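What follows is each chain in one-letter form.
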Amino acid sequence: MMKHTNDLGRDAVFPLVLRLAIPTMLAQLVNVLYSIVDRMYIGAGVGDLALAGAGVCAPIVTLLSSFGSLVGMGGSPIMAMRMGEGNEKEAKRILNNGFLMLAALSVILTVVFLFSRERLLMWFGASEATFTYANTYMTIYTAGTFFALMAGGMNSFLIAQGFSGLGMATVVLGAAMNIVLDPVFIFIFHMGVAGAAIATVISQIASCIFVLAALRSRRMPVRLGWGGFQWKAIRRIAAFGLSPFLIIASDSILLIVLNTVLQRYGGPGEGDTLVTCATIVQSYLLLITMPMGGITLGSQPVISFNYGMGDAGRIKKALRCIVGLCVGFCALMMLTTYTISPVYVRLFTKDAAIMERSVRYIKIFTAMIIPLAIQYPLVDETTALGQVKLALFCSAFRKLIYLGSLLLLPALLSAEAAFFSEPVADVTAAVMTTVLFLHFFPRIIAKRLEERGDKTCEATEY
């Protein structure tokens, strides 16, 4: 039985943020198992070349999921704002239009990616040795695009209504099924890479059914329906979702560039080895970025709802809590990196050389995750405040620093130098984002208070 336990406008802020952020963080942590379990079983059951092939597919999978974020993370803050204003009719319109957008996008993307996958894979870092594995995985995964986009995109609307527990259940259901089905298809049915992809698609189907059924429940404050479609609402969702979409889509592009750079400067043989190491490193980074994204995503309804109400004090308290949670989590992960990362790497490969190099690259890649713990929440909560352009600039700045370092360092030094691009981008972007946020935040709050007609309240410095 569903129970709405979180009052976004009146509950004590810190416990409220914890109740929303922690389940979503845990859900995203479990969600990482989708990709990690696939790669782990592929590496152990098929081999290092198959693992490299799956690594080539990873940015394409990320690119597909970014379209789910375009709608989910674009529409859910708007819906929360409308709920905060007491406008449930408009909140329902946003939800219905989000569903329509995801359905249309899934059809278009399935057709485009299925017909262009072979060319894309070769462009994105596949070699003759890894292409067969990559092509098999990509073909099957792309066929399930509808379920992947619906499960990810619509779950944001569930969380935005205060049901972070159900949001976590959506993700846990799919991840748990994937963990169970992967070894069955790979080791028992001997289906290799195809088995891993089939297990993932089946798991996404289960998550999709669960989240749509939850949103259709009569106990949901804003219930999913059909109708009220409006180009204005679609444009609004797309405008709000542009920042998280570009953040995630550009991540996939940077992964593609990373694989390509490693192949080019590594050369035959060494290039495949470096891509294999990069696949392991990126899988580890997901253990940091996905849960941290869960904290910021789960907390967005608090920011958006109270922004809709015009409650500056609750917004500030929530922001402090969210940043604090992210910093604490990344400090814990930094400790983890220097203690048990070798154990993690052994789950993927038994090759001693690849193991040693992967551990070293992980330490380099995660060297500046504490500054990243400031960058992440400030960008995502700026989006929750409706400041899409500012959030987009901060994100794009970090990507440009990363891209420049990725292209420059290997050319000047060696292929391995590509792994230093991440910490360079993390620390530089964190400084820029913090400065901009502290400058613009008081003005954003003051403008909202003026719009709400609250002449007695004044925005103070954050």
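Residues numbered from 1 in each chain as written. Predicted model: local features only at pLDDT ≥ 70, side-chain atom pairs only at ≥ 80, totals over all residues. Heavy atoms only, no water.

## Digging into a nonpolar patch on the surface
Moving on, step 1. A grouping of Phe187, Ile188, Phe189 and Met191 is seen on the molecular surface, where their side chains present a nonpolar patch of about 380 Å² in accessible area.
Moving on, step 2. Inspection of the secondary structure assignment puts isoleucine 188 in helix 6 (residues 164–188).
Moving on, step 3. Residue classification places isoleucine 188 among the exposed residues on the basis of a relative accessible area of 55%. (Patch = residues over 30% accessible without salt bridge, like charges linked within 9 Å, V, L, I, M, F, W, Y side chains within 5 Å. Areas by Shrake-Rupley, 256 points an atom, 1.4 Å probe, with all protein chains shown as cover. Salt bridge = Lys/Arg side-chain N within 4 Å of Asp/Glu carboxyl O. Helix = DSSP H or I, 4+ residues; strand = E, 2+ residues; numbered from the N terminus. Buried < 20%, exposed > 50% of the residue type's maximum accessible area, 1.4 Å probe, protein only.)

## Observations regarding the packing of helix 12 (residues 369–384) against helix 13 (residues 388–412)
Moving on, step 1. Their axes nearest at 8 Å, the elements helix 12 and helix 13 cross at an angle of 150 degrees. With respect to each other, helix 12 and helix 13 are oriented roughly antiparallel. You can see that helix 12 and helix 13 cross each other, and the crossing is left-handed. Contacts from Leu372, Gln375, Val379, Thr382 and Thr383 in helix 12 reach Leu390, Ala391, Cys394, Ser395 and Arg398 in helix 13.
Moving on, step 2. The residue makeup of the contact of helix 12 with helix 13, split by class, is five nonpolar, four polar and one charged. (Axes fitted to C-alpha atoms, helices over the stretch in contact; angles between N-to-C directions. Parallel < 35°, antiparallel > 145°, perpendicular 65-115°, else oblique. Left-handed = near helix turned anticlockwise from the far one by under 90°. Contact = heavy atoms within 4.5 Å. Nonpolar A, V, L, I, M, F, W, Y, C, P; charged D, E, K, R; others polar.)

## Overview of helix 7 (residues 192–215)
Moving on, step 1. Taking 1.5 Å of rise per residue, the 24 residues of helix 7 would be expected to cover 34 Å, and the 36 Å separating its terminal C-alpha atoms lies within 8% of that figure.
Moving on, step 2. Of all 24 residues in helix 7, 18 are buried, a share of seventy percent or more. (Expected span 1.5 Å × (residues − 1).)

## Looking at the nonpolar core
Moving on, step 1. One finds Met79, Leu121, Tyr137, Met154, Tyr344 and Phe419 to be the most contacted residues of the largest nonpolar core, which totals 136 residues.
Moving on, step 2. A per-element tally of this core places helix 2 (residues 48–84) first, with 17 residues.
Moving on, step 3. If you look at the next biggest cluster of nonpolar residues, it comprises six residues, including Ile247, Leu390, Cys394 and Leu436. (Core = buried A, V, L, I, M, F, W, Y, C linked by side-chain atoms within 4.5 Å.)

## With respect to the packing of helix 2 against helix 5 (residues 145–160)
Moving on, step 1. Between helix 2 and helix 5, the shortest axis-to-axis distance is 8 Å and the interhelical angle comes to 20 degrees. Considering the angle they form, helix 2 stands roughly parallel to helix 5. Considering only the axes of helix 2 and helix 5, their crossing is right-handed. Contacts from Leu64, Phe67, Gly68, Val71, Gly72, Met73, Gly75, Ser76, Met79, Ala80 and Met83 in helix 2 reach Thr145, Leu149, Gly153, Ser156, Phe157 and Ala160 in helix 5.
Moving on, step 2. Looking at the contact of helix 2 with helix 5 residue by residue, the class counts come to ten nonpolar, seven polar and no charged.

## Focus on unusual backbone geometry
Moving on, step 1. Backbone geometry at histidine 190 places phi at a positive 55 degrees, although glycine is not the residue there.
Moving on, step 2. Within the secondary structure, histidine 190 sits in the loop between helix 6 and helix 7.
Moving on, step 3. Note on histidine 190: relative accessible area 64%, which makes it exposed.

## A look at the pattern of salt bridges
Moving on, step 1. Under the defined criterion, the tally for this structure stands at six salt bridges.
Moving on, step 2. Put simply, arginine 357 and glutamate 416 hold a salt bridge, and the shortest N to O gap is 3.6 Å. Of this pair, arginine 357 sits in helix 11 (residues 352–365) while glutamate 416 is found in the loop between helix 13 and helix 14 (421–451), placing the two residues 59 residues apart along the sequence.
Moving on, step 3. Given the relative accessible area of 25%, glutamate 416 is considered partly exposed.
Moving on, step 4. Across the pair arginine 360 and glutamate 416 runs a salt bridge, and its minimum N-O distance is 3.5 Å. In this pair, arginine 360 is assigned in helix 11 and glutamate 416 in the loop between helix 13 and helix 14, connecting sequence segments 56 residues apart.
Moving on, step 5. Taken together, the shared-partner salt bridges in this structure form one network comprising Glu356, Arg357, Arg360 and Glu416.

## Comments concerning the confidence of the model for the chain
Moving on, step 1. Across the chain, the average pLDDT comes to 83, with 93% of residues at 70 or higher.
Moving on, step 2. The model gives residues 454–462 a pLDDT under 50, and that stretch makes 19 contacts with residues more than four places away or in other chains. (pLDDT = per-residue confidence, 0-100.)

## Some words on the environment of leucine 26
Moving on, step 1. Considering the arrangement of structural elements, one finds leucine 26 in helix 1 (residues 13–45).
Moving on, step 2. Given a relative accessible area of 35%, leucine 26 falls into the partly exposed group.

## With respect to the packing of aromatic side chains
Moving on, step 1. If you walk through the whole model with that rule in mind, you get twelve aromatic pairs.
Moving on, step 2. Relative to phenylalanine 147, the ring of phenylalanine 146 lies with its centre 5.4 Å away and its plane at 90 degrees, an arrangement referred to as edge-to-face.
Moving on, step 3. Consider the rings of tyrosine 344 and phenylalanine 348, whose centres lie 5.1 Å apart with planes at 55 degrees: the pair is tilted.
Moving on, step 4. Given a relative accessible area of 1%, phenylalanine 348 falls into the buried group.
Moving on, step 5. By way of ring pairs, the aromatic residues Phe99, Trp226 and Phe229 are connected into one cluster. (Phe/Tyr/Trp six-rings, centres within 6.5 Å; stacked < 30°, edge-to-face > 60°.)

## Regarding the side chain of threonine 279
Moving on, step 1. Along the polypeptide, threonine 279 turns up in helix 9 (residues 270–309).
Moving on, step 2. Only 2.8 Å separates the side chain of threonine 279 from the backbone oxygen of valine 275, close enough to count as a polar contact.
Moving on, step 3. Residues within four places of threonine 279 in sequence aside, it is in contact with Arg39, Leu51, Ala52 and Gly55. (Polar contact = N/O pair within 3.5 Å; in protein donor to acceptor, adjacent residues only side chain to side chain.)

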